[in-house]
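Geometric and topological summary
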Amino acid sequence: MDIINILPDSVANQIAAGEVVDRPASAVKELLENAMDAGATEIQLIIKDAGRTLIQVIDNGCGMSDVDARLCFERHATSKIHRADDLFAIRTMGFRGEALASIAAVAQVELKTRQHDKELGSQVVIEGSEVKSQEPCTCSPGTSIAVKNLFFNIPARRNFLKKDSIELSHIEEIFKRVALPNYKVGFSFYNNGRLLYDLKPGNFAQRIAGVFGSSFNQRLYHIEEHTEPVSLNGYIGKKEYVKRVRGEQYLFVNGRFIKHPGLSAAIEKAYTELIPERTYPAYFVMLDVDPQRIDINIHPTKTEVRFIDESVIFSILRAATKKSLGQYSLANELEFNPSTEIDFTPMAKGHLPESPQESFNPNYNPFYATHEHEKHHEYSESTRMDFANFFGSKTIVDTKPQIAFEENPFEPQDKTLSATTTSATTTPINYLNQYIITTLKSGMVVIDQQRAHERILYEKLLSRTNEGPTSAQQLLFPVNCRFNASDSEVLSELIPDLERLGFVISPLGQNTFVVSAAPHDTKEDELQNILEQTINEYKNNMMQKFNDRNKSICLSLARQMAVHSGTALKVEEMQKLIADLFSCQAPDISPSGKRTMFIMGEQELKERFK
Ligand code: ADP
Ligand code: MG
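Presented here is an overview of the structure given in this document.

What counts, and at which threshold
Residues numbered from 1 in each chain as written. Chains lettered and ligands numbered in written order. Predicted model: local features only at pLDDT ≥ 70, side-chain atom pairs only at ≥ 80, totals over all residues. Heavy atoms only, no water. Buried < 20%, exposed > 50% of the residue type's maximum accessible area, 1.4 Å probe, protein only. Helix = DSSP H or I, 4+ residues; strand = E, 2+ residues; numbered from the N terminus. Pairing = 2+ DSSP bridges. Axes fitted to C-alpha atoms, helices over the stretch in contact; angles between N-to-C directions. Contact = heavy atoms within 4.5 Å. Salt bridge = Lys/Arg side-chain N within 4 Å of Asp/Glu carboxyl O. Core = buried A, V, L, I, M, F, W, Y, C linked by side-chain atoms within 4.5 Å. Parallel < 35°, antiparallel > 145°, perpendicular 65-115°, else oblique. Left-handed = near helix turned anticlockwise from the far one by under 90°. Nonpolar A, V, L, I, M, F, W, Y, C, P; charged D, E, K, R; others polar.

A closer look at the pairing of strand S17 (residues 435-440)
A regular strand places its side chains so that they alternate between the two faces of the sheet. Going residue by residue along S17, you find Ile 436, Thr 438 and Leu 440 tucked away on one face and Tyr 435, Ile 437 and Thr 439 left uncovered on the opposite face. In the sheet, S17 pairs with strand S18 (residues 443-448) via 6 bridges, with the strands oriented antiparallel. By the bridge assignment, Leu 440 is partnered in S18 with Gly 443.

Set out below in C-alpha cells:
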C-alpha cells in the first residue's frame, strides 16, 4: 500500500508559516519590508492589541495589478527574482516569495492595491489560504494589507503569544530596524489609535533622533569610511554613555538590519580599555557591500548574513570606530582638527590597519565625571570627600559628597556590627579595583565594592520613600527624555514612585518626558540613561515576580547609581563605604541577594595555618 501524500497547499503554507510568522512582530516585518521593496516613500503601520486583532500596513508604493493581487498569496510568488543567479545580486528586502502566502495561511487578510496609472484598484479577501473574494475597488495608489486575527485557525499558537506589552515591544523593535536605515521614507506607527512614532523623511541623524529622542544625538560620534570591500557610515556611542546592558546596537547591511556577533565585536573591541568592563556602547552603523560578496540566504528571516571579506571588514570597522573615538575625544580637549584622516585604500587583505593612539584614563568612572576635561578637577576634589572616621574619631573632613546619591555627611550609628569594630585601625586596601580588604575586631573582612555600594544606596532610597516626600533638587535646565513606547508606558506608571524619591517628571506626549528635578547629585546628562535602565530593570524584576514595586524601583536605581567594579577608590572613599555599609540593616547581602563581604576570623585563619 502507498502511504505518501502530497500535502495540500493550505497545509504546506501553514507549516511554512511556522518559520516565517511566529508572532505579530514577524508579520509586521514582512509587511514593512514589502512596502519598502515597492518603493514607498510614506508607510503607515497600524496595530490593534499588539497585533493580535489587527496589523495593517499602508504604503504609497508601486501597487499591484489585478492578477498580481491574487498571485502574491501563492507560495513562491515573487516579482523580485527570476533565476537562481538573481539570488546573488539581491538589493530588495524580500525574495523568497513566501511571506504573504504564510501570513494568509494563518490569518484573515484584506488586500487593497492600486497601481499609480490605473483608475481602479483591486481588493482581495483571503482567510486561512482560502480566497473569499476578489473585486475591483476604489482606493489610493499603493497597497494596504490588513492582517486580522493572526493565528485565528491555530489556537495553540495564539495562546502562545505573550502579554500585549511584550508583543508590542517586539513590534516596536522591528519597526525601528526598518525605519532607522530607511530614513528617506516617512513612517508613522499607531497602536490602539495612539500615535507612537511619526518619523519624517530626513537624514540618518534625524532619523535616530526621531526614534530615540532629539537629545540622543549628543551621545553619538559620527563614523564614516569608504573602502573597497565596504563603505560604512553611521554613529557610535560616546564612551560616557555606555550601558550595562546591550541597548541600542544596530548594524545594517545594504539597508537591512543584521545580527553579526563578529562585526559587533569589532565595534566593541575598539572600546576596550576606554570603558568599564561589562558595559556596552550604542551604535548605528550601515555597511554597504557588493551583494555578490554576501550571502543573506542562510536564514528565512534574513537577519543572519555571511560576508566573503569578513576579516577585512572586521578590521576596517574596528579601526574606523577607534579613529572616531580617538578623534572626537581629542576634540573635546583641543580645537577640533578634521584633517586627521586614515587612508585605507592600499590595504592588502588580511593586513591589520594601525590603530590611532588614544589616551585614556584607566580610572574612568562614569558616575564621577562625564567629560574628559572635568575629570581632573573632579578627582582632586574627590580627595576632600566627606569622610567620617569609622574607627573611632568622628571628624568630618569635608561635606563634598563623593559617592553619587550621597546626601548627608556620615553619621555613625550604634549598630551591632560597627560596635565590634571600634578598635580597628587598619587602612583598607584595594584588590583588583573590586574588593576592599580591611580588618575588624572580629576578623579580616573582604568587601565587594559594587555590591556593598548597591546595598548602601538601596537602604538610603528605601528609607527616603518611607519618610514621605523628600525635597527634590530642581534642575537648572529641565531635561527632555525620550523613551520607546513600552518604556514610556512603564515610566508613566512609575512617576508617583519616582517622585517620592526626588524626581519631578511630567509627560509631554509622543513618548517624551521632561525631568525638572532629580535626586541630589544625579548627573543631568545621565538622567536619560539612569531612567531607561531603571525602567528596564524594573520590567525584568516585575517579570520575575518581584512584586513589591517600591523595592523593585529602589533596587533598580541603586544598581544604576552604584560605583562599578573596576573603579579605583581612594582610601577615604573605601573608608566611607565601609562605614556606610556597616550602618546598613543588612550589610552582608546585596539588594539583589548576593554576598557583599565575608569575614575571616582568628579561628579560621589559625585553621588555615595548621
Ligand atoms: P517576496 O517579498 O519575498 O517577494 P512576499 O510574499 O512578501 O514575497 O510578496 C510577494 C510579492 O507580492 C512580492 O514579490 C511583490 O511583487 C508583491 N507585493 C507584496 N507586497 C507588496 C506591496 N506592499 N506593494 C507592491 N507589491 C507587493
Ligand atoms: Mg516580502
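Brief notes about the sheet that holds strand S7 (residues 186-191)
The mixed open sheet is built from 8 strands, whose spatial order is S5-S4-S3-S6-S2-S1-S7-S8. A single partner strand is all that each edge strand has here, and the edge strands are strand S5 (130-137) and strand S8 (194-199). Taken over all neighbouring pairs, the strand axes of this sheet differ in orientation by 10° on average, direction set aside. As judged from the 6 bridges shared by strand S1 (residues 42-48) and S7, these two strands associate in the parallel manner. Of the residues in S7, the one forming a bridge with Leu 45 is Phe 189. Each of S1, strand S2 (54-59), strand S6 (142-148) and S7 is contacted by helix H2 (residues 24-37), which is oriented at about 10° to S2, the strand it contacts most.

Considerations on the sheet that holds strand S22 (residues 597-600)
Strands sit in the order S16-S17-S18-S22 across an open sheet of 4 strands; the sheet is antiparallel. Each edge of the open sheet carries a strand with a single partner, namely strand S16 (429-431) and S22. When the angles between neighbouring strand axes are averaged without regard to direction, this sheet yields 25°. Helix H12 (residues 449-466) rests against S16, S17 and S18 of the sheet, and its axis sits at about 80° to S18.

Some thoughts on the pattern of salt bridges
As enumerated under the stated definition, the model contains 23 salt bridges in all. Put simply, Glu 98 and Arg 75 hold a salt bridge, and the shortest N to O gap is 3.6 Å. Taken together, the residues span a long stretch of sequence, with Glu 98 in the loop between helix H3 (66-71) and helix H4 (99-105) and Arg 75 in the loop between H3 and H4 at a distance of 23 residues. For Glu 98, a relative accessible area of 14% translates into the label buried. Notably, a salt bridge pairs Lys 606 with Glu 602, separated by 2.8 Å at the nearest N-O pair. Here Lys 606 pairs with Glu 602, and both are found in helix H17 (residues 602-608), just 4 residues apart, close to one helical turn. Given the relative accessible area of 49%, Lys 606 is considered partly exposed. Classification of Glu 602 by relative accessible area gives exposed; the value is 56%. Ionic contacts of the salt-bridge type, sharing partners, join the residues Lys 243, Glu 248 and Glu 532 into one network.

Remarks on the nonpolar core
Considering soluble globular proteins, one finds that nonpolar side chains tend to be buried as a cluster. Leu 45 and Phe 284 are the most contacted members of the largest nonpolar core, which has 66 residues in total. Per-element tally for this core: the top contributor is H2, with 7 residues. In this structure, Leu 45 is in contact with Val 28, Leu 32, Ile 55, Gln 56, Val 57, Ile 171, Phe 175, Ser 188, Phe 189 and Tyr 190, ignoring residues within four places of it in sequence. By size, the runner-up hydrophobic cluster in this structure holds 32 residues, among which are Val 230, Val 242, Leu 251 and Val 305.

Quick look at the packing of helix H13 (residues 485-500) against helix H15 (residues 549-561)
It is at 11 Å that the axes of H13 and H15 come closest, and there the two elements cross at 70°. In terms of orientation, H13 and H15 fall into the roughly perpendicular class. The handedness of the crossing between H13 and H15 is right-handed. Between H13, through Glu 493, Leu 494, Asp 497, Leu 498 and Arg 500, and H15, the contact on the second element is made entirely by Arg 549, Asn 550, Ile 553 and Leu 557. For the contact of H13 with H15, the residue count by class is 4 nonpolar, 1 polar and 4 charged.

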